[in-house]
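Reading the structure
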Amino acid sequence: MAFTFAAFCYMLTLVLCAALIFFVIWQRERILNIERICNLLRKLVVPEYSIHGLFCIMFMCAGEWVTLGLNIPLLFYHLWRFFHRPADGSEVMYDPVSVMNADILNYCQKESWCKLGFYLLSFFYYLYRLVQIQSPQTILWISGTF
Amino acid sequence: MSTAGFNSQNGTGTGTGTGQTYTNGPSQNPVALQQLPGVNYGMTHQSTYNPMQAKAPAPPGPGLYPSGPYQPAPPVSSYQPGPPLTSYPSAPGQSLLSRPQMGGPPPHTPPQSASPSPGPRLLPAQATPPPPAVSSSSYYQNPQQPMAPAWQYNTAPPPMGPPASMSAPPRGPVANHMNPAASLAATAPPPSSAAYSTAPPPHMSQSATQPPGPGMPPTSLHGYTQTGTAPPPMNPIAPHAYQPGRPAYGPPPTGPPPTMKPAPPPTGPTMANATPPPPKADAQCGGAVNSTLSPIEPDSLEGDIECPGAVAGNGPQASNSYNHVDNKMAGLTQPGPPGRHLGHYPSLPPGYQNTSAPHATSNIHPAMQAATQPYTRAPQPYQQMPGGPGPAQLSSSLAAMSLQSSTPEALRVVNLVQERNLLPPNAIPAPTPCLTQDLQKINCSPEVFRCTLTSIPQTQSLLNKAKMPLGLLLHPFKDLSQLPVVTSSTIVRCRSCRTYINPFVSFLDQRRWKCNLCFRVNDVPEEFMYNPVSRSYGEPHKRPEVQNATIEFIAPSEYMLRPPQPAVYLFVLDVSHNAVETGYLNVFCQSLLENINALPGDSRTKVGFITFDSTIHFYNLQEGLSQPQMLIVSDIEDIFLPTPDSLLVNLNECKELVQDLLKSLPTLFEKTMETQSALGSALQAAFKLLSPTGGRLSVFQTQLPNLGVGALQSREDPNQRASAKDIQHLSPATDFYKKLALDCSGQQVAVDLFLLSSQYCDLASLGCISRYSAGSVYYYPSYHHQYSPAQVERFQKDLKRYFTRKIGFEAVMRIRCTKGLSIHTFHGNFFVRSTDLLSLPNVNPDAGFAVQMSIEENLDDMQIVSFQAALLYTSSKGERRIRVHTLCLPVVNSLSDIFAGADVQAISGLLACMAVDRSVTASLSDARDAMTNAAVDSLSSYRQFVLTIQQPGLLAPACLRLFPLYILALLKQKAFRTGTSTRLDDRVFAMCQLKYQPLVYSMLMIHPALYRVDDLTDEGALNINERTIPQPAVHQLTVEKLCREGAFLMDCGTVMYLWIGRNCHPNFLTQVLGVPNYAAVPENLYLLPELDTAESQRTRAFVGWLRDQKPFFPSLHVIRDESQLKASFMQNMIEDRTESALSYYEFLLHLQQQISK
């Protein structure tokens, strides 16, 4: 079968990557207008981290080592963020009482810009790899079936 | 007292407000208002300008100075002359000028004539002339002497002059005087004149207007006209002229007098004589009188005077009121010393100065005084600096200013290692920004609004190079004795950035003004052009909004999201066994019973009570019940309100039930054996009860909550208290309290926490409930009704203040700054809702805020920048009000100027806030290093970039000479010290206070004041309300300064220690402490016996005076060598070496070593 697990990974990744891009953009948009929006935003943080973790696991299973390598740094960054939460066990980020501090705000904004860039580039990289692995006809066929 | 004053203001304001335009707080307004009725703004005030004029000869003045513009005519000239007088130095402000004139008048005949208007008064004054001294006073300064001074004459000054002296004498009267005089005049023109002295006849002519009622109108017109004509003038104006005066200013007291003397004297004296008595009355009544008399007002107003004309019409009164306010303010300010002013803003128009404030002044704490002083300086004038001070003006004025202010002295090189006695004997004044006098006169009081760098660097890179933090310290809701209140259907704001119109905007012409924050050109609304009082158009720059850097508006309905909420107070009381043991319930109930009628509020005020231990008890107080009904809810996991409608009841309708409950509450739980505490559930219940209306939630807690939601565990390891390693557990253990606080904030509920506990309570976690809901935290460690009488007394006094102080509900505060500057971080208790918006469910007069700023865009082409803090709140009477403070500061582009403008106290205060944050987010040692580095960096930057001659030693500019001392003091402060046994709660509480208290009080926490009190004398004493307050010098905090023969009082803000030397003079022991010898001094003495001896009276007067300056009640502990508290006392000896910390000298060497690296 021409359609390998790796190709499946890339397809799924493309979809999820779009979701991640949406998350990040959404976070960027709202951050200047917060109030309790922090509460909503926070709900997106863990899903984002989980989806990205899922990518890494799938690429590992599919043996796409190069792609995995590209994602490892971000994975570690997410793990670091997650385990260095405030001592009171609250949010990973976007704590409403401190997010308006200029330093934190700038950091969050820079982080979103970087992630946005990273996800966009990965999106195109995944598309490229997909095409490389599968012939265009297969892809068309798959798209047709959907 | 302040409170009282305050309230009244509000009250008045309100009352008046409605009617008229603006009233000042006090009654005056009313009067004024009356006249104005129709008009909205009563304002007219223009006073500022006029003020001067007013003062004296009102008429002339006004015109004059306002700028030259105004009146081109004669007046001007006269004014100018004024300058010459020098005396006025201060004059810079127009007001001054005017005064001078006035005072001067005599000298300058012409001027006087000009003055005339004020004439009446003035005349008299002139007559009086004799009193040379007075003249000097003219300053305004004089707060005390107010009146006269206010006027042009200021005579009073002399007395005042020396701030230090403060001697009260003059003050009282003075302040008022202005108005009074005016009033008088109005009433009985002739007499008044006489009284005034100054205004002698000559003035009259011009003054005519003012003169008594009749004439008035006309007069005013004149005045007005002049102004009118001059319109353009606004600009720049006079400042220059005044400059001369400036210098004088500096010196305030003395300086001026001399110069002035010639002319002034006359007036002054007269004034003094005549007026003095009346003064206060005037002030108060003044308003009324004025109104009637219209004419008079001018005087009072001083500034107004010009407007006066206007005033004369209907408006006059308004003006007056205004004036009054101003006056007070002014008075205060100038005097600087007077201190008391506190409230006042210096800025007011020159005229004001006088005012009653004087008394107040005296009281003020040195520090405060200092603060005030700055203000004073700049008298009113404010002219609008159109565009900013013209360069020319600036430079000239700068030159003048600098003389006195910083530059020279501030940059004097001090070798810290060699010079030991750096501490000034009195309070350290806030540095004065290098602005033109006109601007400085109207600038916001440093007590309200202070910046760490009074000269703002042009670029961020310059700021980085200076290595000093840029930030603002605010005390926005401070009790003010004078506060102009404006009622108007439209509040003039910039259409682009929504800045409120303020004294630092520039008028391009009569119809357009340019925002000083975003530089947008806005139209002047028709309503703003009209001066109801004078019934004339075209003097928008004379309205009170443009004359006062601190002003309050009664907000129209656009500023309400919902109908203003009533005052709602809910008390949540811990009644577990532990709480009953401490006996706090008795004190609480007793105190609330006594003050139940003094709770701020109106007929809608509601109260409610909840008690809790392991269950939650509600009290049904519904009208009609014969006695309160207790409802117990034991399901603490899912809390609900048993009868939601009858738990919060109208205080007036159900007062008897409430009183019954308070009487029975302490006995209700006497025998309880319940030891658990379900605080979290009680808070949730309280939140549910309050969320429909919002309000204030007061929580009394005596132990660690250990049941239900929000339960905490003890995290403190007593063995680690003295650890030199990092302190753990400074951050909250749970986010329950933070989340609840955010919910509260969203529903406009503020939580005030009273913690009375002998054991660890985890304030770090509990404190969040207050921090994010804009409440306050009170902490009474080891509170017990029998074992800690000092704490009980403190608790009683604090409760009294807490129940009766002013309160604002559903408030928000927005801080705006000139384009290019941006807000980096806020410090204090609040929730930050947007980058520049603080949500404050409650705001109280004892809350301070700090803001770190950064420079995002270069401030090229700007000579001044402004900061505006606008606090929108609902008063306890259900009125929506906006209090606006505007601070203006110069922009500089050289490092030496930045250093010259450094405000060491503000810098230390801001660093303390930053260090608290750092301790929580990083670690305590990190915070300590950061503070040390702050000192090293700024001093090495100074050495590297500013010092031209490299010399050995640790060099600092004079303005930063105390910086290393304050940093060392911070390192040894309870909040940041290591190696000394400190309970975790004590430490966290100290941190809360550093962030939350206004600078004046936090400075005492950082660096206590040490006085020797066994040899108090009346030399240099203050005189307040007929009490003589000795003013001993402040000593350095080192054991070296203590001696066995003496007795020393240490004022640490919330606590005072009276240390008795072993060989203390027996005279002191018997006459003050009432004990025969040292051994007989009781171990736990916390009260000074009321003995009928001079020594005892002096000591008690001094202690009482120190206490009066604080909104909280410092307990006093008398300690001797064996006392347990001796260690606490000795730990405040900052300059000495301890086991774990460096001495001051060692610290300096350490800094020196770091710098030379």
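Residue indices begin from 1 for each chain and proceed along its sequence in written order. Whichever chain is written first becomes A and whichever ligand is written first becomes 1, with later ones labelled in order. With pLDDT at 70 or above as the cut-off, local features in this predicted model cover only qualifying residues; side-chain atom pairs require 80 or more to be listed or tallied, and sums for whole chains, interfaces and linings still use all residues. The basis for the side-chain values is all heavy atoms of the structure; hydrogens and waters are excluded.

What about the overall build of chain A?
Of regular secondary structure, chain A possesses five helices and zero strands. Think of it this way: any DSSP run of H or I at least four residues long counts as a helix, any run of E at least two long counts as a strand, and we number them from the N terminus. Going from N to C terminus, chain A has its helices and strands arranged as α-α-α-α-α. Relative accessibility thresholds used throughout: buried, under 20% of the residue-type maximum; exposed, over 50%; partly exposed, between the two (1.4 Å probe, protein chains only). Sorting the 146 residues of chain A into buried and exposed places 46% on the buried side. A contact between two residues is defined here by any heavy atoms of the two lying within 4.5 Å. When contacts within chain A are restricted to residue pairs at least 6 apart in sequence, long-range pairs at least 24 apart make up 78% of them.

Focus: the confidence of the model for chain A
As a per-residue measure, pLDDT tells how confident the predictor is, with possible values from 0 to 100. Chain-level pLDDT for chain A is 74 on average; 73% of the residues reach the 70-or-more range. Helix 3 (residues 65-83) of chain A holds the highest mean pLDDT among the elements of chain A, 87, whereas helix 5 (residues 136-145) of chain A holds the lowest, 63.

Some remarks on the nonpolar core
Put simply, buried Ala, Val, Leu, Ile, Met, Phe, Trp, Tyr and Cys residues joined by side-chain atoms within 4.5 Å make one nonpolar core. Counting residues in hydrophobic clusters, the biggest one holds 225 residues, and the most contacted among them are Leu697(B), Leu821(B), Leu840(B), Phe867(B), Phe976(B), Ile1060(B) and Leu1073(B). Beyond its immediate sequence surroundings of up to four residues, Leu821(B) is in contact with Ile456(B), Leu470(B), Met853(B), Ser854(B), Ile855(B), Leu859(B), Val865(B) and Phe867(B).

Examining unusual backbone geometry
Residues and elements named next belong to chain B. A positive phi angle, close to 60°, is found at Lys-467, a residue other than glycine. Mapped onto the elements, Lys-467 comes out in the loop between helix 31 (460-466) and strand 6 (471-474). In this structure, Asp-762 takes a positive phi of about 55° despite not being glycine. Examined against the element boundaries, Asp-762 turns out to sit in the loop between strand 20 (749-757) and helix 39 (763-771).

Digging into the packing of helix 3 of chain A against helix 4 (residues 102-133) of chain A
Residues and elements named next belong to chain A. For the pair helix 3 and helix 4, the least separation of the axes is 12 Å and the interaxial angle reads 155°. The angle between the axes of helix 3 and helix 4 places the two elements in the roughly antiparallel class. Considering how the two elements wind past one another, helix 3 and helix 4 form a crossing that is left-handed. Packed against helix 3, whose contacting residues are Val-66, Thr-67, Leu-70, Asn-71, Leu-74, Tyr-77, His-78, Trp-80 and Arg-81, the element helix 4 presents Tyr-107, Glu-111, Lys-115, Phe-118, Tyr-119, Tyr-125, Tyr-126 and Arg-129 at the interface. In terms of residue class, the contact of helix 3 with helix 4 is made up of ten nonpolar, three polar and four charged. Fitting a line to C-alpha atoms yields each axis, with helices limited to the stretch in contact; the angle taken between N-to-C directions then spans 0 to 180 degrees. An angle counts as roughly parallel when it lies under 35 degrees, as roughly antiparallel when it exceeds 145, as roughly perpendicular when it falls between 65 and 115, and as oblique in every other case. Take the far helix as the reference: if the near one is turned anticlockwise from it by less than a right angle, the crossing is left-handed, and if turned clockwise, right-handed. Each residue is assigned to one of three groups, with Ala, Val, Leu, Ile, Met, Phe, Trp, Tyr, Cys and Pro labelled nonpolar, Asp, Glu, Lys and Arg labelled charged, and all others, Gly among them, labelled polar.

Some thoughts on the environment of Ser923(B)
All names here are of chain B. With respect to the helices and strands, Ser-923 occurs in the loop between helix 42 (904-921) and helix 43 (924-946). Each C-alpha atom, one on Ser-923 and one on Ile-727, is 7.4 Å from the other, the two residues being 196 residues apart in sequence. When near neighbours in sequence (up to four residues on either side) are disregarded, Ser-923 contacts Asp-726 and Arg-918. A polar side-chain atom of Ser-923 sits 3.3 Å from a polar atom in the side chain of Ser-925. N or O atoms within 3.5 Å of each other form a polar contact, as long as, within protein, one can give a hydrogen and the other can take it, and as long as residues adjacent in sequence are counted only when both atoms are side-chain atoms.

Quick notes on helix 50 (residues 1144-1156) of chain B
Multiplying 1.5 Å by the helix residue count minus one yields the expected span of that helix. With 13 residues, helix 50 of chain B extends 18 Å between its outermost C-alpha atoms, agreeing within 8% with the 18 Å of an ideal straight helix rising 1.5 Å per residue. Where the residues of helix 50 of chain B are buried, they touch helix 43 and helix 44 (963-971) of chain B.

Comments concerning the sheet that holds strand 23 (residues 821-827) of chain B
Residue and element names in this part refer to chain B. Overall, antiparallel pairing links the four strands, which are arranged 4-6-26-23 in an open sheet. On the outer flanks of this sheet lie strand 4 (449-451) and strand 23, each paired with one strand and no other. Mean inter-strand twist for the sheet, computed between neighbouring axes without regard to direction, equals 25°. As paired elements, strand 6 and strand 26 (residues 849-855) share four bridges and run antiparallel to each other. Among the inter-strand pairings, Leu-473 is bridged to a residue of strand 26, identified as Ala-850. A pair of strands counts as paired when DSSP detects no fewer than two bridges linking them.

Overview of the environment of Arg604(B)
Residue and element names in this part refer to chain B. Structurally, Arg-604 can be placed in the loop between helix 35 (584-595) and strand 15 (606-612). Taking the C-alpha atoms as reference points, Arg-604 and Phe-449, separated by 155 residues in sequence, lie 34 Å from one another. Apart from the residues within four sequence positions on either side, Arg-604 is in contact with Pro-564, Gln-565, Pro-566, Ala-567, Asn-650 and Gly-878. Within polar-contact distance, the side chain of Arg-604 engages the backbone oxygen of Pro-564 at 3.1 Å.

Focus on the side chain of Asp798(B)
All names here are of chain B. Of note, Asp-798 is situated in helix 40 (residues 789-804). In terms of polar contacts, Asp-798 uses its side chain to reach the backbone amide nitrogen of Phe-1113, at 3.0 Å. Contacts of Asp-798, omitting those with residues within four sequence positions, involve Tyr-778, Tyr-780, Phe-1112 and Phe-1113.

Brief notes about the pairing of strand 13 (residues 550-554) of chain B
All names here are of chain B. Taking burial as the measure, the five residues of strand 13 include five buried ones, the bulk of the element. Examined bridge by bridge, strand 7 (residues 484-487) and strand 13 share three bridges and lie parallel to one another. Bridge assignment links Val-486 to a residue of strand 13, and that residue is Phe-553. Where strand 13 meets strand 28 (residues 880-892), five bridges bridge the pair, whose relative direction is antiparallel. Opposite Thr-550, over in strand 28, you have His-885 as the bridge partner.

Describing the sheet that holds strand 30 (residues 1009-1012) of chain B
Residue and element names in this part refer to chain B. As summarised here, the arrangement of the five strands in space is 33-30-34-35-36, forming an open sheet in which the pairing is mixed. Each having just a single partner strand, strand 33 (1034-1035) and strand 36 (1115-1119) make up the two edges of the open sheet. With five bridges connecting them, strand 35 (residues 1055-1060) and strand 36 associate as parallel partners. Within strand 36, the position partnered with Val-1055 by the bridge is Ser-1115.

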